[in-house]
Amino acid sequence: MPLVDIPGSKSLTARALFLAAAADGVTTLRRPLRSDDTEGFAEGLVRLGYRVGRTPDAWQVDGRPQGPAVREADVYCRDGATTARFLPTLVAAGHGTYRFDASPQMRRRPLLPLTRALRDLGVDLRHEEAEGHHPLTVEAAGVEGGDVTLDAGQSSQYLTALLLLGPLTRTGLRVTVTDLVSAPYVEITLAMMRAFGVEVGREGDTYVVPPGGYRATTYAIEPDASTASYFFAAAAVTPGAEVTVPGLGEGALQGDLGFVDVLRRMGAQVTVGADRTTVRGTGELRGLTVNMRDVSDTMPTLAAIAPYASGPVRIEDVANTRVKECDRLEACASNLRRLGVDVATGPDWIEIRPGAAPEGAKITTYGDHRIVMSFAVTGLRTPGISFDDPGCVRKTFPGFHEAFAELRKDIVG
């Protein structure tokens with residue numbers, strides 16, 4: 001039975017870096033994810049004057065509750081959405097002039113609901129080119145706090161950024177949300193803030209964040225549940241195969257572990273233990289209709305195995321996947337069609353209708369790590385699948401292809 005060692009969670013690592021930078025004291029992060037996104041976040045902190053000590057298994061961050069150590073900085077956020085959204089929010093609580101830019105891919109991704117909310121809180125923030133997109137400059141002078149309304153219908157990261165900022169404001173924050181996707185990611189944020197000494201209240205759609213700052217701590221990063229989805233899906237599409245991921249179990253923070261419930265509904269055998277999860281392929285993969293609003297990062301994983309189901313697979317309420325690293329909904333549809341699969345799409349849904357066995361083809365990745373990792377699973381059942389940019393997995397899992405090749409040997413032979 002293969003035990004798969006999944007790297008640390010990208011979502012947890014990014015939040016932990018923000019919290020560690022903002023906390024009073026030195027924080028140690030155990031088993032953080034080392035990837036292009038998280039290295040970019042850590043490098044951004046260094047550019048802002050924070051001390052970040054990195055060893056292979058732990059990172060140490062000297063917190064600065066008062067904000068960046070430098071009064072001027074130019075930060076390049078690479079492809080990282082958390083870097084591009086969290087760091088401008090972090091510096092707002094400090095004092096100085098801070099400019100942020102990002103890759104062409106990240107420049108295309110939206111930011112406006114967050115920057116509007118920051119401006120409503122009195123932050124002097126200027127978009128240099130397209131309104132609501134990078135590059136941008138923050139003239140930081142601390143944040144008083146108060147009430148703010150936020151539309152988080154495109155990304156829960158907007159809400160997370162404001163919640164993380166709350167304890168650094170002078171009077172605290174009350175954030176009222178009018179729409180929210182990927183709600184489990186907000187629960188991750190609240191749990192991690194608790195670990196750093198802050199309890200967030202809730203009054204209906206309003207989050208109440210007290211002032212007073214964060215306490216440094218030692219924090220262990222759990223394996224990335226979104227990354228684990230590819231290995232769980234590999235077991236589900238391979239009769240008799242079994243995959244166990246240690247470190248993800250009943251107490252896991254990440255909502256994307258809920259993807260295994262989708263696999264269970266399709267016919268896979270799933271066991272969630274205290275500290276591990278096992279998926280076993282039974283030879284049965286049923287079609288289904290599923291709302292993936294709360295686990296939308298795993299939508300491509302399901303789309304990639306849908307051609308092997310016994311009936312149509314319809315994925316609903318995933319409009320926000322259109323504004324990720326690429327338009328993931330269309331990317332999945334066009335690549336599945338390239339394999340000869342019948343697919344229909346709408347504004348927020350995709351339906352995959354299994355028929356004849358898919359045929360091998362070159363997958364267009366659109367520079368999106370999740371497209372590569374998802375269709376690598378398709379490749380377990382369909383020979384001849386290749387990628388135009390296999391290396392873009394470095395964003396979250398630089399060793400993915402090696403790890404997946406090992407798994408293939410174990411479960412396919």
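Throughout what follows, the structure given in this document is the object of discussion.

**A closer look at the sheet that holds strand β15 (residues 242-246)**
Strand order in the open sheet formed by three strands is β15-β17-β16, and the pairing between neighbours is antiparallel. Every other strand in the sheet has two partners, leaving β15 and β16 (269-272) as the edge strands with one partner each. Strand-to-strand, the axes of this sheet are offset by a mean angle of 10°, without reference to chain direction. Of the pairings in the sheet, the one linking β15 to strand β17 (residues 276-280) comprises five bridges and is antiparallel in character. For Glu242, the partnering residue across the bridge sits in β17 and is Arg280. Across the sheet, helix α9 (residues 259-266) is in contact with β16 and β17; its angle to β16 comes to roughly 145°.

**Some points on helix α11 (residues 328-338)**
Inspection of α11 places Arg328, Leu329, Ala331, Cys332, Ala333, Asn335 and Leu336 among the buried residues, and these make up the whole buried set. Buried residues in α11 make contact with α10 (299-305), β20 (342-346), β21 (349-353), β22 (362-363) and α12 (369-378). In the stretch just after α11, Gly340 is the one whose phi turns positive, near 90°.

**Regarding the pairing of β21**
The pairing of strand β19 (residues 313-316) with β21 spans three bridges and is classified as antiparallel. Within β21, the position partnered with Ile315 by the bridge is Ile350. Summarising the sheet, β20 and β21 pair through five bridges and their orientation is antiparallel. Residue pairing in the sheet places Thr345 in a bridge with Ile350 of β21.

**A closer look at the sheet that holds strand β8 (residues 136-141)**
A sheet is described by the order of its strands in space; here four strands give the open sequence β5-β6-β8-β7, paired in mixed fashion. This sheet does not close on itself; its edge strands, each paired only once, are β5 (72-76) and β7 (124-127). Neighbour-to-neighbour, the strand axes of the sheet open up by a mean angle of 15°, direction not taken into account. As paired elements, β7 and β8 share four bridges and run antiparallel to each other.

**Side note on unusual backbone geometry**
Among all residues except glycine, the phi angle is most often negative; among peptide bonds, the trans geometry is most common. Here the residue pair His134 and Pro135 is connected by a cis peptide bond, since its omega of 0° sits within 30 degrees of zero. The phi dihedral of Arg31 falls on the positive side, at around 50°, and the residue is not glycine. By secondary structure assignment, the location of Arg31 is in the loop between β2 (26-30) and α2 (36-47). Judged by its relative accessible area of 40%, Arg31 falls in the partly exposed class. One non-glycine residue, Arg78, lies in positive phi territory at about 55°. Within the fold, Arg78 resides in the loop between β5 and α3 (81-92).

Basis of the calculations
Residues numbered from 1 in each chain as written. Predicted model: local features only at pLDDT ≥ 70, side-chain atom pairs only at ≥ 80, totals over all residues. Heavy atoms only, no water. Pairing = 2+ DSSP bridges. Helix = DSSP H or I, 4+ residues; strand = E, 2+ residues; numbered from the N terminus. Axes fitted to C-alpha atoms, helices over the stretch in contact; angles between N-to-C directions. Contact = heavy atoms within 4.5 Å. Buried < 20%, exposed > 50% of the residue type's maximum accessible area, 1.4 Å probe, protein only.

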